[in-house]
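The residues making up each chain are set out below.
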Number of protein chains: 2
Amino acid sequence: MNCILLPAANFSGDSAQINTVAQIAHIDKVLAAKVGDSLKIGQLGGNLGTAIIEHITPENIQLRDVQLTMAPPPKLDLTVVLALPRPKVLRRLIMDMTALGVRDIILINSYRTQKSYWQSPMLGRLDEFVLEGLQQSVDTVAPRISLQKRFKPFVEDELAPLISNRAIVAHPYAALSFSQYLQQQALVTPEKNEILSVDSSSSNKTAFLPSIVFIGAEGGWIDYEVELLATQGCQAVYIGQRILRTEAAVNVILGQWLL
Amino acid sequence: MNCILLPAANFSGDSAQINTVAQIAHIDKVLAAKVGDSLKIGQLGGNLGTAIIEHITPENIQLRDVQLTMAPPPKLDLTVVLALPRPKVLRRLIMDMTALGVRDIILINSYRTQKSYWQSPMLGRLDEFVLEGLQQSVDTVAPRISLQKRFKPFVEDELAPLISNRAIVAHPYAALSFSQYLQQQALVTPEKNEILSVDSSSSNKTAFLPSIVFIGAEGGWIDYEVELLATQGCQAVYIGQRILRTEAAVNVILGQWLL
């Protein structure tokens, strides 16, 4: 928890209150903060800033001199479509995608998604995992998360309007690597070639990053899924030649967006 | 488990045997493999290949027609020096660094490493976590892992000979980004500039990647540590502006080595 995020309702003028167990425990045990200390806080969906601890009880921490003057960091211009993973890893995946600044997350069914995953109580706790990711990365703006229980109708009917931008599906058995994909995009986008020839590695890379990425869960995508995505213009690419666990893959792939 | 790795002692001519509980359970429950089926196997430290299941009992699986003809994937030319993390996350970190192909891992003490972490029984199970990482990523060669309980003597006495190559310390508050670092390296290495001007993003990037990376655990490095590393020529860089959990950071950072 690198900042404490509070909903708008907890603010009043230049004071605010903290009343969730996890946040109070963090301030008490990890930060060991006392009355008069300054805290890094933020308003969910709003700005970041600081406040001074005025009063502490086991159930409530009162803050004064709230100053919310710093805008949250920008989001990545990116939609991640993730095959719904095992409930056990869902928490960390949502946390990490949130922390990395993904703007839109779509949890989708896939051939290798077990039906029981859709019944998991973890799906009712997404807001909690998002809050953890925001407080980790010092951001206030939650990603939009939606659930798509049917793969084919989504790909055939809803993906097309989204895909006006570049789309890829991460697939360890693809013929094209991520960096080859970026080079191809550079070649077919002549008006951006000037950037490419002047600048070095990083800056030209961002100019050709896809805005939609499909990432499989354990076992990845089956050929049918990769082929259906290809009919909609979604290119299969691999990143590295090794097969990674879903969590590692998500961070490795999204790390390509960071400079 | 994308392959089953066995020690050399389990092979005899063109037959082999599997006798560990986790591997037998995986073959039985996840793969649902039967007598006559082919398995993807490998010899620890040796080659990868296939074998046919000859006989299955609850404690032992006999394999025939063992063919080990494929060399394991290359290792990254990279030493990761990781501040010893909480035991709870050590397993996944070792798995992931192994899966990504790191050649050398040094677990080191840091100001924010709690003393109790060095007493954890998890440190006695590193071989097990390495095996998981190798079987995940279909590799056979374990990274070398060493423990360094004293930060200052290691940095002052042992780092210097290692650091003949480029070294960085990941630090969210660094003034220089990872991509700026790569650009700087390109400028001070004139003989490689030809690569830079001809090629696009990815290829020139690999030419200037550091071979030693220091990664902190929760709370990162303190200023003293970053400064001590700087005296030995280790450059502080940030990757992205957001603070990530250790596991996410390790995968994001090492993902920069993949193409």
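Residues numbered from 1 in each chain as written. Chains lettered and ligands numbered in written order. Predicted model: local features only at pLDDT ≥ 70, side-chain atom pairs only at ≥ 80, totals over all residues.

Caption draft 1: The arrangement of the nonpolar core in detail. Among the nonpolar cores identified, the biggest contains 144 residues, and Ala170 of chain A together with Ala170 of chain B are the most heavily contacted of them. Counting residues per element, this core draws most heavily on helix H2 (residues 87-100) of chain B, which supplies seven residues. (Core = buried A, V, L, I, M, F, W, Y, C linked by C-beta atoms within 7 Å. Buried ≥ 20, exposed ≤ 12 C-beta atoms within 10 Å, placed from the backbone. Helix = DSSP H or I, 4+ residues; strand = E, 2+ residues; numbered from the N terminus.)

Caption draft 2: Summary view of the sheet that holds strand E4 (residues 38-43) of chain A. All names here are of chain A. Taking strand neighbours across the sheet as the criterion, the six strands line up as E1-E4-E5-E6-E3-E2 in an open arrangement whose pairing is mixed. The outermost strands of the open sheet, each flanked by one partner alone, are strand E1 (4-6) and strand E2 (11-12). Sheet analysis places strand E3 (residues 15-18) next to strand E6 (residues 60-70), joined by three bridges and oriented antiparallel. By the bridge assignment, Ala16 is partnered in E6 with Leu63. (Pairing = 2+ DSSP bridges.)

Caption draft 3: Structural detail: unusual backbone geometry. Residue and element names in this part refer to chain A. Look at Val138: it is not a glycine, yet its phi comes out positive at around 60 degrees. Along the chain, the position of Val138 falls in the loop between helix H3 (126-137) and strand E9 (144-148). Residue class for Val138 comes out buried when judged on the 21 C-beta atoms lying within 10 Å of it.

Caption draft 4: Main features of the domain arrangement of chain A. Residue and element names in this part refer to chain A. Per the domain assignment, the segments of chain A are domain 1 (4-70) and domain 2 (76-255). The straight-line distance from the C-alpha centre of domain 1 to that of domain 2 is 34 Å. Residue-level contacts link nine residues of domain 1 with six residues of domain 2. For the side of domain 1 that touches domain 2, the secondary-structure elements that each account for two or more residues are E1 and E4. For the side of domain 1 that touches domain 2, the per-class residue count stands at four nonpolar, five polar and no charged. (Domains from an automatic or database assignment. Contact = placed C-beta atoms within 7 Å. Nonpolar A, V, L, I, M, F, W, Y, C, P; charged D, E, K, R; others polar.)

Caption draft 5: Main features of helix H4 (residues 151-162) of chain A. All names here are of chain A. Here H4 has its buried residues at Phe151, Val155 and Leu159. Looking straight down H4, one finds that the buried residues subtend no more than 40 degrees of arc, so they occupy a single side. Pointing more than 90 degrees away from the buried face of H4 are the exposed residues Pro153, Asp157, Ala160 and Pro161. Summarising the contacts, the buried residues of H4 are in contact with strand E8 (102-108) and helix H8 (223-231). (Arc of directions from axis to C-beta.)

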